[in-house]
Amino acid sequence: MMWTEKYKPKKITELLQVEQTKSLLYQIENYKKPILIYGPTGNGKTTTIHTIASSLNYEILEVNASDIRNTESINNIIGNSIRQSSLFNKSKIILIDELDGVSGNADRGGVLALIKLLDETNFPIIMTANDPWDSKFSTLRKKCNLIEFKKYNDETITSFLGSITKKEDLKINYETLKEIANLNKGDLRASINDLQIVSSTKESSLDDRKKKETAFNVLKNIFKTREVSTYEFDKTDLNLDEAMLWVDENLPLEYSGIDLAKAYDALSKADVFKGRIRKWQYWRFLIYQHALMTYNIAVAKKEINPNFINYKRNSRILKLWIAKLRFSKRKEIAEKIAKYTHTSTKRIIKDYPYIKKILNDKEIIQKFELENKEP
Amino acid sequence: MNDIWTEKYRPSSFDEIIGQEKVVERLRSFVKQKNIPHLLLSGPAGTGKTTLSLVIAKELYGKDWRQNFLELNASDARGIDIIRGEVKSFARTKAIGTDLPKIIYLDECDALTKEAQQALRRTMELYTSTARFILSCNLSSKIIDPIQSRCAVFRFKPLEKKDVENVIKNIAKDEKLVIDDRTIDLIFEMSEGDIRRVINILQSCASIDKKISESVVCEIVSAAKPKEIRQVLEMSIGGNFIKARDILLNVMLDHGLSGMEMIKQIQKEIINLNTKDEIKARLIEKCGEIEFRMVEGSDEFLQLEALLASFSIIK
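To start, this report covers the structure provided alongside it. On a predicted model such as this, the values are computed, not experimentally measured, just so you know.

## What to know about the layout of surface pockets
Right, on to step 1. Each pocket or cavity is described by its volume, and for the second largest pocket that value is around 1100 Å³.
Right, on to step 2. Of all the secondary-structure elements, those providing two or more residues to the lining of the second largest pocket are α16 (345-350) of chain A together with α1 (5-8), α3 (49-61), α7 (161-175) and α9 (195-208) of chain B.
Right, on to step 3. For the lining of the second largest pocket, the class distribution of residues is 15 nonpolar, 13 polar and 13 charged.
Right, on to step 4. Counting contributing residues, the lining of the second largest pocket receives three or more from each of domain 1 (20-155) and domain 2 (161-221) of chain B.

## Focus: the sheet that holds strand β2 (residues 58-64) of chain A
Residue and element names in this part refer to chain A.
Right, on to step 1. Read across the sheet, five strands follow the order β2-β3-β4-β1-β5 without closing on themselves; strand pairing throughout is parallel. Each end of this open sheet is capped by a strand with a single partner; those strands are β2 and β5 (145-148). In this sheet, neighbouring strand axes are inclined to one another by 25° on average, regardless of whether the strands run parallel or antiparallel.
Right, on to step 2. As defined by bridge partners, strand β1 (residues 35-38) adjoins β5 across four bridges and the pair is classed as parallel. Among the inter-strand pairings, Leu 36 is bridged to a residue of β5, identified as Leu 146.

## Concerning the pattern of salt bridges
Right, on to step 1. Taken as a whole, this structure holds 37 salt bridges over all chains when the rule is applied.
Right, on to step 2. For Asp 265 of chain A, the salt bridge is made with Lys 269 of chain A, and the minimal N-O distance between the two is 3.1 Å. Here Asp 265 of chain A pairs with Lys 269 of chain A, and both are found in helix α12 (residues 257-280), just four residues apart, close to one helical turn.
Right, on to step 3. On the accessibility criterion, Asp 265 of chain A (23% relative accessible area) is partly exposed.
Right, on to step 4. Under the relative-accessibility criterion, Lys 269 of chain A is labelled partly exposed at 36%.
Right, on to step 5. In this structure, Arg 276 of chain A engages Glu 296 of chain B in a salt bridge whose closest nitrogen and oxygen atoms are separated by 2.8 Å. Linking Arg 276 of chain A in helix α12 with Glu 296 of chain B in helix α14 (residues 277-296), this pair reaches from one chain into another.

## Some details on the interface of chain B and chain A
Right, on to step 1. Contact residues are listed per partner, giving 60 residues for chain B and 52 residues for chain A.
Right, on to step 2. In this assembly, chain B packs against chain A so that about 4800 Å² is buried in total across both faces, 55% of it on carbon and sulfur atoms.
Right, on to step 3. Close ionic contact of Glu 219 of chain B with Lys 357 of chain A constitutes a salt bridge, the shortest N to O distance being 3.9 Å.
Right, on to step 4. One can count 19 residue pairs in polar contact (both at pLDDT 80 or more) joining chain B with chain A.
Right, on to step 5. Going through the elements one at a time, α1, α3, β2 (69-73), α9, α10 (214-224), α12 (241-255), α14 and α15 (300-311) of chain B are the ones with two or more residues in the side of chain B that touches chain A.
Right, on to step 6. Ranked by residues supplied to the side of chain B that touches chain A, first place goes to α12 of chain B with nine residues.
Right, on to step 7. The residue inventory of the side of chain B that touches chain A, partitioned by class, reads 22 nonpolar, 18 polar and 20 charged.

## Things to note about the sheet that holds strand β3 (residues 102-107) of chain B
Through backbone hydrogen bonds, the strands of a sheet pair up, either in parallel or in antiparallel fashion.
All names here are of chain B.
Right, on to step 1. Reading across from one edge, β2-β3-β4-β1-β5 is the order of the five strands in this open sheet, with parallel pairing throughout. Unpaired on one side and paired on the other, β2 and β5 (152-155) mark the two borders of the sheet. The sheet shows a mean angle of 15° between the axes of neighbouring strands, direction not considered.
Right, on to step 2. When β3 meets strand β4 (residues 131-137), the two strands line up parallel, connected through five bridges. Residue pairing for β4: Lys 102 is matched across the bridge by Ala 131.
Right, on to step 3. In the packing of helix α2 (residues 21-32) onto the sheet, the strands contacted are β1 (39-42) and β5, and the crossing angle to β5 comes to about 150°.
Right, on to step 4. Sheet strands in contact with α3 are β1, β2, β3 and β4, and its direction is about 170° off that of β3.

## Digging into the packing of aromatic side chains
Right, on to step 1. Scanning the entire structure with this criterion turns up 15 aromatic pairs over all chains.
Right, on to step 2. Arranged with centres 5.6 Å apart and planes meeting at 80°, the rings of Tyr 38 of chain A and Trp 133 of chain A form a pair that is edge-to-face. Residue Tyr 38 of chain A is located in strand β1, and its partner Trp 133 of chain A is located in the loop between β4 (125-129) and α6 (138-142); the two are separated by 95 residues in the primary sequence.
Right, on to step 3. Accessibility expressed as a relative area gives 13% for Tyr 38 of chain A, which makes it buried.
Right, on to step 4. Ring geometry for Phe 30 of chain B versus Phe 154 of chain B: centroids 6.2 Å apart, planes at 90°, classification edge-to-face. Taken as a pair, Phe 30 of chain B in helix α2 and Phe 154 of chain B in strand β5 lie far apart in primary sequence, 124 residues in all.
Right, on to step 5. What makes Phe 30 of chain B buried here is its relative accessible area of 16%.
Right, on to step 6. On the basis of relative accessibility, which here comes to 3%, the residue Phe 154 of chain B falls in the buried class.
Right, on to step 7. Ring pairs connect the aromatic residues Phe 216, Phe 223, Tyr 255, Phe 308 and Tyr 311 of chain A, which therefore count as one cluster.
Right, on to step 8. Over the ring of Phe 273 of chain A we find Arg 276 of chain A; its NZ or CZ atom is 5.3 Å from the centre of that ring.

Basis of the calculations
For every chain, the first residue of the written sequence is number 1, and numbering continues from 1 onward in sequence order. Chains carry letters and ligands carry numbers; both start at the beginning, A for chains and 1 for ligands, and go up in the order they are written. Only residues with pLDDT of 70 or above have their local features reported here, since the model is predicted, and side-chain atom pairs are shown and tallied only from 80 upward, although totals for entire chains, interfaces and linings are computed over all residues. To obtain the side-chain values, all non-hydrogen atoms of the structure were included, while hydrogens and water were left out. Both site types are read off a 1 Å grid over the protein atoms alone. A 1.4 Å probe that fits but cannot get out defines a cavity, while an open set with protein on both sides within 12 Å along at least five of seven lines defines a pocket; lining residues have an atom within 4 Å of a point. Grid points are joined across faces, edges and corners, and a volume is the space filled by probe spheres set on the points. Numbering of helices and strands starts at the N terminus; helices are DSSP runs of H or I of at least 4 residues and strands are runs of E of at least 2. Classes in brief: Ala, Val, Leu, Ile, Met, Phe, Trp, Tyr, Cys and Pro nonpolar; Asp, Glu, Lys and Arg charged; the others, Gly included, polar. Delimitation of the domains relies on an automatic or database domain assignment. At least two bridges found by DSSP between two strands are what make those strands a pair. Axis geometry follows a simple rule: fit a line to the C-alpha atoms, using only the stretch in contact for helices, then measure angles between N-to-C directions, giving values from 0 to 180 degrees. For salt bridges, the criterion is a side-chain nitrogen of Lys or Arg within 4 Å of an Asp or Glu carboxyl oxygen. Partly exposed residues are those whose accessible area sits between 20% and 50% of the maximum for their type, while under 20% is buried and over 50% is exposed, using a 1.4 Å probe and protein chains only. Any two residues having at least one pair of non-hydrogen atoms within 4.5 Å are treated as being in contact. Defined here as a combined quantity, buried area equals the accessible surface (1.4 Å probe) lost by two parts on assembly, summed across both. Under the rule applied, a polar contact is a pair of N or O atoms within 3.5 Å (in protein, one hydrogen donor and one hydrogen acceptor; residues adjacent in sequence only if both atoms are side-chain atoms). Planes of paired rings set the category: under 30 degrees apart is stacked, over 60 is edge-to-face and the rest tilted, where pairs are Phe, Tyr or Trp rings (Trp by its six-membered ring) whose centres lie within 6.5 Å. Here, over-ring charges are defined by two tests on the NZ atom of lysine or the CZ atom of arginine: distance to the ring centre within 6 Å, and angle to the ring normal within 35 degrees.

Here is the structure:
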């Protein structure tokens, strides 16, 4: 089961956007004007509406904005059901989700049709949008009450992820949760998805604190002195790959300008030797890899940076790894399209930005069974 | 039913093909004489290599073409052994409904290593009595001589402007699109003569609005070429390494791009910088050096960081 479903709020009290929820509740119960909820993706706009509606016993009539092209298409989708009374005599809320996808401007196309609809219906209409300040919505905006759903900060997301790891009994360290939150820039849905991916594939290591201490001492020797043994990292139980990431992450915090360029040149050569070892299994190259990433970096500096630097762990491997998993969905799609269009998966992936919009088409989604397409 | 236009508008006979007149003429005469040698089609992406191969099959075998035509992609197939296996089981039997040999179309052959190409050469010889090979590649220089000498080589050129214009106008008529000449020019420029890209851009635009405007074309094309690359370049040259590295990583994460793709885009963007030509020349040289190390090394991102760090001292 998707955790985004499993951990979806069930009661109003569980909603995270507290102030916004209050305001929305009030506006629905004292409905006067269409409500436009806006804010970045994955911060609970749709979830809040659904939760409120079910607790107030409203039926939601959901319309995807990309289906709104003109008056006729709106009537096809919404028109009839507005006239029908609900099966269980519930009141209805019309939810027009992801308004950003609607076509046209205030004078034609979907937006115009939508404005007409707002004027004609008696049912409460709630719309969601990422960017309501787009010029095409200027007329529409004036007809609505706006509620902003702010993007979550990293701490909110981290602690929410933390509560999931507790319930799922996962051993994932706080740092990783923080990385996931940071990576998703306030998108809780994406963060939960990433957590689920991480939990299903990766065991987290527990000796992180110890590692950090070790790395700290070695890095200090390399960055703050010139008397460095070429085997500096051999004294520790860090493996060489990890060591390299520590150096890489913190080098620009200590060096700058020409020193930084020189040091990175050494580190880049160390990486080349690493590649050569892998390719040819010629282990004597290890000597050069070690020397380049310790001694050569230590002597690359003209002066020693006198400031204390709190060395950070490198997070890009985790980030790139999560991104790779995320894009594996894209690869699956590309395979289908490649076969159909007589070309290679690689080529489709390369051209993905050009065809992305095409793949949003409903009929194309059906044709290639792309239901679980990437977000 | 909506379809992917690159397929919907793929020509299915010689007469429908726009451009590549010389190649078409010679291939047409091969088909007419019902005597096809092995072919090597070389040229940039989206110039009609696959389309012409499909047309040859359709014209030769008529409705039975699917049974007599095997399509393989060297860059997706996992190794030459898989390719050999498929070729073997396909070429073992005679063609259906005809006395002609079957056709095996192997796309993107430049993805094969030299050793794999040697193996391919032997496979080609082994099945010459029952099958003809059509190989396609972007650069014929990457194909070993023994294969080249066994094939009739055809070189495909990027599509000319008038051809691209024709294709766009035909589709526009059929799909009831509104498009003006300036927008057509823009799509042509962005496509680099690659007709698949032209049609993909066109369909993407049409999915937003039947009236194709320059701004929508730009929006779609810029998604393929993140504008942050310029920012990364300017920041690293200005010495703001940490910020440049953050943006670079984010671009890679958001767009799912590899380090190799990033360095290609950086190299292309250098030429657009507002700086002295000598500096651009040195920046490009540095790019080349780092791309080489990327191929040799193991950590693409680390190599990109070394590139950014080196940019700040090129003056």
